[in-house]
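# Coordinate inspection notes
The chain contents come next:
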Amino acid sequence: MYLYKLMMKNNVGPDNHTYPILAKACALRFAEFEGKLIHGHVLKTGFESDVYAQNTLISMYSVCGNVIDALKLFDESPVLDLVSWNSILAGYVHVGDVDEAKYIYDRMPERNVIASNSMIGLFGSSGYVTEACRLFENMPKKDLVSWSAMISCFKKNEKYDAALVKFIEMIGNGITADEVVVVSVLSACEHLKAAEAGKLIHGLAVKVGVDSYVSLQNALIKMYSSCGEIMAAECLFNGGYLLDQISWNSLISGYMKCGSVEKAKALFDSMPVKDIVSWSAIMSGYSQHTRFSETLSLFQEMQVNRISPDETTLVSVISACTHLAALDQGKWIHVYLRKYGLKINVKLGTTLIDMYMKCGCVENALDVFDGMEEKGISTWNTLIRGLAMNGLVYKSLHLFSEMKKHAIVPNEITFVAVLSACQQMGLVDEGRRHFKSMIEELGMKPNVKHYGCMVDLLGRAGFLKEAEQLIERMPMSPDVETWGALLGACRKHGDNEMGERVGRKLVELHPDHDGFHVSLSNICASKGNWNDVLEIRGTMMQNMVKTPGCSMIEVNGTIHEFLARDKTHPHIKKIEHILDEIASRLKMEGYAPDT
């Protein structure tokens, strides 16, 4: 545009050779305003009938996303050639208008490979996989871009097996791969956890000489990391002479996926520049590996460095607050979202609701739910479960009915939440009805959690025989929680015969589970079988190491952690003095512990 301004300043107008070059420059810079100035000059000088000029302007408007002006020029053009048709088609492809693009493509007097490739790319981006396949198969000529577009189409639509098969077919047809198509197919291998196929493709990339591209190096690091081949990813990173921010972030994520938290942190600390993706990767990894205190510390460090958090970061931090019961920190993040006008999307809103519910702040959770523009099935599930968890069982079941009125189809997690709600209030008939409806009305197969909820519900209500029969009818092996629920119910209702039978079975199936040994020991003690009690206790002392109990509390924004028999807290003497005082007062009120 500097050249155009200089020409105008010297009263030298561009000719029919100059202004197409200027229009192309505008297209490359997406400078539509300057392009319109050049278009105006074209109209003044009478060059608008020139086909090359028309095509350049159509292309400029198309690239800038202005299909209205592009189409106006196209319709008014006295002569249309293949370039004209390709340019207007490119405009509709650029804005993602499938219907108009199909209309233009079908009207084309001659369709070349470029037009067909554009349509395959548009179909892939818009989810029209069948149409893309049909078009690809009917193409008389295919080039590398055609194959690349088809492989990318499969990858974008999560048909990773098909992407890998199409790549093998492409190589079989003698087409030499470039870095673009290799990156696409490596992404497919990453999602399929197909390490061996990834290694073969890596070898092919080295053979054809495209392995030095940074984008390909990054794709390889991600693929190897996702497939658990962290040493290969590390080797690529250490040997790379052209590394960018994505390279560092990819390896940090890879370390976290493989559980190498310390290596991830060391790499993060050594980064020359940290962007929001770097912070999100390290914090998300810490949160996923249940290192919640470190997650909050990193978040505070991030704030000191004046890095604005994104959705992934905030979800990780709120999740850490939930597990640490750090309500003040969680509320601060909620205020932060409001202060900066950040949209609370489904994932962020659901995480906030979960935190508030688990911290007992039901009203706050309901405010978040009511304020969300879009609610996913996970949002409804979290609220239904949270209301039941806080004792609002009937409100929870009412919300389940409301959910169905909003035409949201419940899933397996929904029914776990609903059955848990029934379980808490002992609503046996209601639980039976929902369990039956998920099978008969929605055609769902109950999983082990659904059976566990029903066994617990029936057991708590005293229907021990029905609960045991339900376990026997389960199409899968019962888990620890399901057996434990029945064992607990036997103790509660004094059915020592069934309790001992179930307890011995559990100890046999799970010899390392200390809770089952304790329950069985207590049942034997209640029956007066002291020899069995001594035997069980002896086994426990010889073979088991009990994990100490842990509790946490937030005071003035600081998380305090307590382990059983731990005396390291700086205020432990004061705490023990208060506890002794509470115990004395309880005894005075007539409390006697159940030993």
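Details of the structure are given in the entry above.
So, here is what we can say about the structure in this document. (Residues numbered from 1 in each chain as written. Predicted model: local features only at pLDDT ≥ 70, side-chain atom pairs only at ≥ 80, totals over all residues. Heavy atoms only, no water.)

Moving on to the nonpolar core. Ranked by size, the top nonpolar core spans 146 residues in total, and within it I282, L383 and L486 carry the most contacts. Aside from chain neighbours lying at most four places away, what touches L486 is V455, L464, A467, E468, I471, M498 and V502. (Core = buried A, V, L, I, M, F, W, Y, C linked by side-chain atoms within 4.5 Å. Buried < 20%, exposed > 50% of the residue type's maximum accessible area, 1.4 Å probe, protein only. Contact = heavy atoms within 4.5 Å.)

This brings us to unusual backbone geometry. Despite not being glycine, E158 shows a phi value in the positive range, around 60°. Tracing the backbone through its elements, the reader meets E158 in the loop between α10 (144-156) and α11 (160-172). For T290, which is not glycine, the phi dihedral falls at a positive 60°. When you line up the elements, T290 lands in the loop between α18 (276-288) and α19 (292-304). (Helix = DSSP H or I, 4+ residues; strand = E, 2+ residues; numbered from the N terminus.)

Following the criterion strictly, the structure yields 10 aromatic pairs and no others. Measuring from ring centre to ring centre gives 5.1 Å for F237 and W248, while their planes differ by 85°; the resulting arrangement is edge-to-face. With a gap of 11 residues between them, F237 in helix α15 (residues 230-239) and W248 in helix α16 (residues 245-257) connect regions that are remote in the sequence. Following the ring pairs from residue to residue traces out a cluster consisting of F299, W332, Y336 and Y340. Over the ring of Y105 we find R111; its NZ or CZ atom is 4.8 Å from the centre of that ring. We note K375 situated over the ring of F369; from NZ or CZ to the ring centre the distance is 4.9 Å. (Phe/Tyr/Trp six-rings, centres within 6.5 Å; stacked < 30°, edge-to-face > 60°. Lys NZ or Arg CZ within 6 Å of the ring centre and 35° of its normal.)

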